[in-house]
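Here is how the chains run, residue by residue.
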Amino acid sequence: MMSKDARTMRGARRLLSATATVAAVALAAAGCTGTSGGSSSASGSAGGQVTLQLGQWWEAELPAGSFAGLISQFEAQNPNIKVTLLTSPFATFSQQMVTNAAAGTLPDVVGLSGAWVSDFAKQGAIADLSSLMAADKYDTSQLASQVQISGKTYMIPVVNFVYPLFVNKDLLTKAGVSTVPTTRTEFTAAATAISKLGGNVEGWGLPLDTAVPNAIANDVMSWVWASGGSMLTSSGEPDVTNAQVKSGVEFVKSLYDAKVISPGTLTMKEQDKVEQFTTGQVGMVIDTLAHVTLVRKNNPNLNFTVAPIPAQDGYTGKRGIPYASWGVGISNKSPHKAEALKLVEYLMSANVNAQLSTLAKGFPGNKTAVPDFSKSDPLFKTAFDIYQSGYPANEFVGLPKAEQLERTFEEQLQQTLTGSQSVDQMLTNTQTAWKAIF
Amino acid sequence: MKVTPNDPGSAAQLNPTLTRPISGSRGILPPRIARKLPPYAFIAPTVILIVVLMIVPILMVITYSVMDNVVVQPSSQFAGLHNYVQVLTDPDFQAALRNTLVFIVASTAIHLVIGLTFAILLNTPMLGAATKAFFRVIYILPWLFTVAVIAVLWRLLLSPYGVANYLLTSLGLVRSGVDWLASPTTALGAVVVINIWAGYPFFMISLLAGLQAVPSELYEAAKVDGASALQRFWNITLPQLRPIIVSMAVLDLIWTSQQFALIWMTTGGGPLNVTEVLSTFTYKQAFSNYEFSTASASAVIVLFLSMILGYFYVRQQRAQD
Amino acid sequence: MPNMRKQQKRLLAKGGLLLALTAGAAFAGLPALWMLSTSFKANGEVFQLPPRLITPGFSFDAYTQILTDPTKLRYFLNSYIVALSVTALTLGAAILAAYAFSRYEFRLKSTVNIVIVGVQAVPPIALVIPYFGLMVGLGVYNTYAGLILTHMVFTLPYAIIMMTAYFNTLPRELDEAAKVDGANPWTALWRIIVPISGPGIVAVGLYTFMISWNEYLFALTLMQTNEMRTVPIGILLMMGEHAYQWNQMMAMSILGSIPVLVLFLIFQRHFISGLASGAVKS
């Protein structure tokens, strides 16, 4: 009969030897497993065979296996190139890319967001695509847009996600509003009417979380751009104290003061805004078109539509519509830039780009590609028409430290909304802060 | 716990390999060195690991902090203490410092109170072992989950239309849903509550262990002397637990000051910077401003402050030995 | 009469105790319960009002999706490999170091002690970039070895503290006697001290395993490909750019907490007694 101590000793010894065995095996395996998947140097090549790394966050947002399928097709067309997909969570993607860039281990082809381009380019982390494309005699006229710094292209938008106004038609009708608002006055009236319905329902959702401050581009500055305004001078310097930006901010403040905005604004994240719209707690939100499928899936009975963002009363010009892109660039340290360009060109080719856009529910970065709307939601056609009749507007793309610019604006806006400073004060502060960054 | 080993001498008798000397006339090393060698040899693996994987990166961070244009630009240059001045005079840093102090002191204090309370409840002689084991398992649940999930889960629970508000309004404790994480007045408190939930199990277990180690004779003697439960707690339990409480408190202050993910994923440092702590400040400097010099300076300041706490911890340890 | 009053008092006390315990359990357990409930919901039901524990869309889909996906299963394998290795190696190094601190006085003792405690104070977020460069330079980026060594650095300090405290409760006469008989320190440690350190080893081992299993910042930074990722990062991957897969996230978290829960269930008494001996003298 063993004593308790002896049993514990035996158990602990067994535990020790078991884990020691695992450790030994693991350390032995560590050498092998590490190098096969993706080792420290960016890519490998052996006798003509080239392995490229494609770092992105898109795979998780596309239907399972679809992205891998497109990549396999590329490998089939280019038998000497293998592509390793490195998928990372979007929330931490920029942090990881900064870390990778610092250590020189950026993937050969790297997914980019417009907000990071300027700083990566300045760092020398991403390559000048203009010269690469010229060397390959690539026809750049088919690209809907290119993100350039000092005249050189560093990022090509692959898929564009526009942010129209999502409107819950049932709530509108219940509130007694017959038409979708097209001017700011109509919007305020509609939001007020919806909020009056009570029962936790509000008119508008505004996610001002400072961890990811892209609401400034999508939900705040969009009002300015929708009325043809700009936050920059013609030479690209900050100009937030102009009349149009002021009018846009005052408009947002008026909505906040009228209490037609859903509670929790100051730390609300984009995902929360979408959830609230889906469950019918919020009547109108500015949101990415990519969410149409999500909303339909989570609430098939929701009767909603998309519309252009309302403009200032009396404005008849073209309306800017905010957008975010899945962009792509090439690592400056990649030893296989030519092959990397081939992958980029593949993603931008009319056929593949159209497929990718359809899968992602976005608009193609290739002008000649036409997404297949036939099998998808009719709202995509509606949005496409809005897209064609307006112009894509996101002035933060390509700005230095764009995320910091947005965050500064957002922090100042939060102070104004909660009443601790005037709109003028806020804009002056922002102007000063921005000028220091530029 | 009492240890009753077998006769120690017999171990050597049973196994001759135990008697192989390392020093002496048949040993490899001269006796003086061989006598001094063992402790250094034993701490060697740890020291090597910590030197390579901790001291080196820390030195790199300190180097970054006294230079400009590090990491993101090819041409770095020596900048003296200018980054430190910049950080210390930054009102955001000062706000972060204040918030961090509030955060860590509140968290630690309440961790101890809750940990002690639960430990006392779990140590009671009045309930059976099975009941106690059952509750013990429930009480350590928060310890099982990774920080990212805890942050996301509590965002769900504390959202304006979430479960917390639903329960509180149904019970009549608040009139209407409160914006726990988004209102400047409640955000810091809410974040403290989440951190308390996530971290109390460790305290509870350590204190429970401590409670079980208090000799029962002390309590019995006190009962004979007519001491009440409260007096027994105050005069026996607390003094006996004092060493653990102090150790845990210092360690918790240090660990909590590093908390990043929890705050970043719930409030991002907002609203209006009320939950901005030193770790979120450092993160924003590094990964949003791309200012690694100031981020490193900020990190070194945090390191310095924590080292002060660490020094007190070691001093207190040695005072007890 | 007085006996019955005493019995009533006892019953009242017991009742109050159970009430307090239940209230505490509500605080501790409700969020976990909510996590479980969310894992069974359809994604659209997560934000429904009023909130309900069981929704019409109740299903095990999230679990089946995870358990039949080889990529996701791989995350669990990686977590096991890393956590078990870290536990074994940390235990080994901690036992050695703790023996030195417990049984010896040597010149650098205080310095090393302060350094070991002090390194816990380094903010991990600031270390990310130099660490990353170091790991790439050492050639262990995206390998088990890199993450294992990193986790060891973070678990060793407290492991050494706990183990030292535990060894301090073992009478020196034991190993002194062995040394008198001519045993060298190595054998004294492994043949005498360690065999009677069961609870201490369990305490340190369990604590180390939990820390390593749930660690997320360096697991995110140091592992690049999906084949090498651990469970916390697998969960993070479900936080997409545009939407969260709530049910899968919660399901994965629940599945991920099971190993630690099982270990705790098995070892809890030894865990606590291991801490107890260490606690009093620490």
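Remember, predicted model here, so these are calculated numbers, not experimental data. (Residues numbered from 1 in each chain as written. Chains lettered and ligands numbered in written order. Predicted model: local features only at pLDDT ≥ 70, side-chain atom pairs only at ≥ 80, totals over all residues.)

Peer 1: Which parts of the structure should I look at to understand the overall build of chain B?
Peer 2: Helix and strand content of chain B: 13 helices and 2 strands. When each of the 321 residues of chain B is scored for burial, the buried share is 46%. Across chain B, the fraction of contacts at a sequence separation of at least 24, relative to all contacts at a separation of at least 6, is 65%. (Helix = DSSP H or I, 4+ residues; strand = E, 2+ residues; numbered from the N terminus. Buried ≥ 20, exposed ≤ 12 C-beta atoms within 10 Å, placed from the backbone. Contact = placed C-beta atoms within 7 Å.)

Peer 1: Quick question: what am I supposed to make of the domain arrangement of chain B here?
Peer 2: Interface size is commonly expressed as the accessible surface area that is lost when the partners come together. Residue and element names in this part refer to chain B. Taken domain by domain, chain B comprises domain 1 (21-77) and domain 2 (86-320). The distance between the C-alpha centroids of domain 1 and domain 2 comes to 33 Å. At the level of secondary structure, the elements contributing two or more residues to the side of domain 1 that touches domain 2 comprise helix H2 (31-65) and strand E1 (67-68). It is H2 that contributes the most residues to the side of domain 1 that touches domain 2, 4 residues altogether. Residue classes in the side of domain 1 that touches domain 2 are distributed as 7 nonpolar, 1 polar and 1 charged. (Domains from an automatic or database assignment. Nonpolar A, V, L, I, M, F, W, Y, C, P; charged D, E, K, R; others polar.)

Peer 1: What am I meant to see in the confidence of the model for chain B here?
Peer 2: In regions of low pLDDT, the predicted coordinates are not meant to be interpreted in detail. Residue and element names in this part refer to chain B. For chain B, per-residue confidence averages 81 on the pLDDT scale, and residues scoring 70 or more make up 88% of the total. No element of chain B has a lower mean pLDDT than helix H1 (residues 8-14), which averages 38, and none a higher one than helix H4 (residues 91-122), which averages 92. For the stretch residues 1-25, pLDDT sits under 50, and the model shows 45 contacts to residues farther than four places along the chain or on other chains. (pLDDT = per-residue confidence, 0-100.)

Peer 1: Explain the interface of chain B and chain C to me, please; I cannot follow it from the model alone.
Peer 2: At the interface, 90 residues of chain B touch 87 residues of chain C. Of the residues forming the side of chain B that touches chain C, the biggest block, 18 residues, is contributed by H2(B).

Peer 1: What's the story with unusual backbone geometry in this structure? I'm lost.
Peer 2: Most of the time, phi is negative for any residue but glycine, and the peptide bond is trans. All names here are of chain A. At lysine 137, a residue that is not glycine, the phi angle is positive and equals roughly 55°. Residue classification places lysine 137 among the exposed positions, given that 6 C-beta atoms sit within 10 Å. Even without a glycine there, the phi angle at lysine 361 is positive, about 65°. If you trace the backbone, lysine 361 turns up in the loop between helix H13 (350-360) and strand E13 (363-364).

Peer 1: What should I look at first to understand the pairing of strand E12 (residues 323-330) of chain A in this one?
Peer 2: Every other side chain in a regular strand lies on the same face of the sheet, so the side chains alternate between the two faces. Residues and elements named next belong to chain A. Taking burial as the measure, the 8 residues of E12 include 8 buried ones, the bulk of the element. Looking at chain direction, strand E4 (residues 109-112) and E12 are connected through 4 bridges and run antiparallel. Paired with valine 109 across the bridge in E12 is isoleucine 330. Examined bridge by bridge, strand E6 (residues 152-162) and E12 share 6 bridges and lie antiparallel to one another. Counterpart to asparagine 160 in the pairing with E12 is serine 325. (Pairing = 2+ DSSP bridges.)

Peer 1: In this structure, what is going on with the environment of A:Arg296? I would like to understand it.
Peer 2: Take A:Arg296: it is sitting in helix H11 (residues 291-298). Put simply, A:Arg296 and A:Asp377 are 81 residues apart on the chain and 9.3 Å apart in space, counted from C-alpha to C-alpha.

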